[in-house]
Structures are given as C-alpha cells and as structure tokens.
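Reading the structure
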Amino acid sequence: FQQLPEHGKLLLGASNMEIDTEAAVSASLLQNGMIQYQHDNSETRNDSFVVIASFQDSKTSKPLRVDIKVNPVNDESPLSINIRTLHVWLAHEKTLTSSDLLYTDKDTIPGNVRFILQDDSTLGKFISRRAGTGDEIKEFSQQDINDNDVVFVGNNRTGKNELLYRVTDGVEAHRQLRVLRVRVRQLSMSAVPNTPVRVEAGGRAPLSTLIVNLSRVDGDSSFVNDVVFTVLQRNASLRYGHLEMTGQHVSQFSYLDLVESRVLYVQSGEDQWPPNDMLLVSANATPEVLGVPVVRVQVLISYPTENGSLLHANK
C-alpha cells in the first residue's frame, strides 16, 4: 500500500488489524474479501488509496488508485435547537453560549457545524478568545461556542442588530439565511430603602433592614450581588454614629455584606439624648449603570428609661 485512505482505514480479516503502508497482502486475501475499508464517520463522500502489485521476480506494477464512494447515512442540514437574542451591556463584551445559539447534526461533530456571518454588525464585532488578537471573525463552529471561545465586543453604541448567517455541516447548508439578533443596552438601576434602622443609644444594629430594590430595565435583578454601596460624606450623614464591618470602620460595602448582616451601624453614645441619625449611600454596579441612585437611610435611636422601657428620639 503506497498511500492509505484519508477519511478511513483498511482492516485485515476477522482480526480487524489495521493495515499500514508497510503491510503486504496476497491476492487471495483480496479475492476472498478479507480486506475491508472502514469510514471515519465524517461528512466526506469520497476517499481513495493507492496500491502497488509485486511479483516473485521482483517486478512491480505502476501505482493503482482505488476510489471509494461513501454513501451518507444522514444527509440533512444541521437542526436548530436554540436561537436567542444576544444581550450585551454598553461598552462590554458577552460570550456567545449554546444557550444563545445551538445547532446539532446526527452525523456531524460540533467542530464541523459551522456558522458563516453574511454581514457586519454596527454595534460591535465577534472575536475569538482563544486567538487573543482581538481581530474580527466572520466564521466559527458550534464547538467554538460550546468552548466559550466566541465573544461579542460592543463599540459604545446602543441599539439592535439583525445579523444574517448561514449554518453548514461541511456538505449541506441551510438554503435560507438565518438571523442572529444582537441588542446592546445601557444598564439602569433604581434603589429604594425599606424600613428604618433601629438602634439603642450606645448600641449597634445591622443594616440588613435596608432592603433595597434593584432592577434593570428588563426587570432582571440577578446582578444584585455585584452592587457596591458607598457612604456619601455629607454634613447630615452619620452625625451620631459610624458603620463597622468585622470591627473596622467602613465607608463601602457590597450587597452580600448587607444581606448577610455584616454591616453594622454603631451609635456613638456621646449624647445623653441623641437625636435620630441618617446616612446617604450611593449604589453602583459592574457594568456601570445609568442614573446611579442615592439612598437615604433613616436611623431611629432609642434610649432606656428607669423602668426599663425605651423612648425614641424625636424625628
């Protein structure tokens, strides 16, 4: 065998031993059907190998090419499973996942299911994380998507795009162009305090009662764990106390710190009749948001009386 098949292999007899270029087989094995060709299950339809016949007197024939025609088992184009709008925040990137775009093909591996973009996006570009060059790509595979390698990078513009693409398995392709929708938006957030913080004079109380409603323009609040609160240093803010976390003064804390009661308001106790206090905090998140809200948190201070009851300072 001078040249072996490119898309399969040759097997010898019932042992299924693979034949290499060093192997020599007799004509009787060929006549008795003991040499078999096994396809590699790819989308290829044609293959070939080259043999040379030799005789006892050391004479050899010219190379003979044997062509193989492969009959496909399933010749349908890839089937769409997921096609969803790709949501991207302004000036940030978004990884394209199989939840956004997923096609399958029974007889094709994901690496051979390929997407070919037909036009450009006015809102950004697709790049390959693996390549690391930042250059725009116009073609990628389902395996690239599964490996989180395809990333859409925005270009500081908001809006909607409908990108036309064609999907193919290397042999068959969808005749109609498909649409991948991209929407780039600015993040927006609102914050509203709930009940006041209640603390005894000279005591401390968690800010967990500061239940803040955070929402994006699409109503999704899954990003709240990325929100950071910053205490604003203004005259009326924290006049009769301060904030602590693990025994240290803090002026910034996260949403998780808040809900897990790690942030404490500590009343100074310097005044015999301390008035009520308040603090101002701003809420921000990553990516950056529009209209960073400022929240006013009221602190109600009470002090014990001789009979053990508590009186509250005037509001």
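In this report, the structure presented in the accompanying data block is examined. (Residues numbered from 1 in each chain as written. Predicted model: local features only at pLDDT ≥ 70, side-chain atom pairs only at ≥ 80, totals over all residues. Heavy atoms only, no water.)

**So, the side chain of S128**
- Secondary-structure assignment places S128 in strand β11 (residues 124–128).
- Residue classification places S128 among the buried positions, given a relative accessible area of 14%.
- Engagement of the side chain of S128 in a polar contact is seen with the backbone nitrogen of A131, the distance being 3.2 Å.
- In contact with S128, other than residues within four places in its own chain, are I137 and D149. (Helix = DSSP H or I, 4+ residues; strand = E, 2+ residues; numbered from the N terminus. Buried < 20%, exposed > 50% of the residue type's maximum accessible area, 1.4 Å probe, protein only. Polar contact = N/O pair within 3.5 Å; in protein donor to acceptor, adjacent residues only side chain to side chain. Contact = heavy atoms within 4.5 Å.)

**Considering the environment of Q38**
- Residue position: Q38 is located in strand β3 (residues 35–39).
- The spacing of Q38 and H7 is 31 residues in sequence and 8.7 Å in space, taken between C-alpha atoms.
- Once residues within four sequence positions are removed from consideration, Q38 is found in contact with G8, K9 and L11.

**Overview of unusual backbone geometry**
- One non-glycine residue, L238, adopts positive backbone phi at about 55 degrees.
- Along the polypeptide, L238 turns up in the loop between β19 (228–231) and β20 (241–245).
- Even without being a glycine, T246 presents a positive backbone phi close to 50 degrees.
- The exposure class of T246 is exposed, given its relative accessible area of 73%.

**A few points about the sheet that holds strand β18 (residues 204–206)**
- Spatially, the 4 strands line up as an open sheet ordered β18-β23-β20-β21, and their pairing is antiparallel. Two strands lie at the open edges of the sheet, namely β18 and β21 (248–249), each paired on one side alone.
- Inspection of the sheet shows β20 paired to β21 by 2 bridges, in the antiparallel sense. Paired with M245 across the bridge in β21 is Q248. (Pairing = 2+ DSSP bridges.)

**Here's the deal with the pattern of salt bridges**
- With the rule as written, the count across this model stands at 12 salt bridges.
- The salt bridge involving D67 is made with R65; its shortest N-O contact spans 2.7 Å.
- For D67, a relative accessible area of 56% puts it in the exposed group.
- Owing to a relative accessible area of 54%, R65 belongs among the exposed residues under this scheme.
- When the shortest N-O distance is used, the salt bridge between D147 and R130 registers 3.8 Å. With D147 in the loop between α2 (142–146) and β13 (150–154) and R130 in the loop between β11 and β12 (139–141), the pair connects residues that are 17 residues apart, well separated along the chain. (Salt bridge = Lys/Arg side-chain N within 4 Å of Asp/Glu carboxyl O.)

**What to know about the sheet that holds β11**
- Within the open sheet, the 3 strands sit side by side as β8-β13-β11. Their pairing is antiparallel. Strands with a single pairing partner mark the edges of an open sheet, and in this sheet they are β8 (93–95) and β11. Each strand of the sheet is rotated relative to its neighbour by a mean of 25 degrees, with strand direction disregarded.
- The sheet contact formed by β8 and β13 spans 3 bridges and is antiparallel. When the bridges of β13 are listed, K94 appears paired with F152. (Axes fitted to C-alpha atoms, helices over the stretch in contact; angles between N-to-C directions.)

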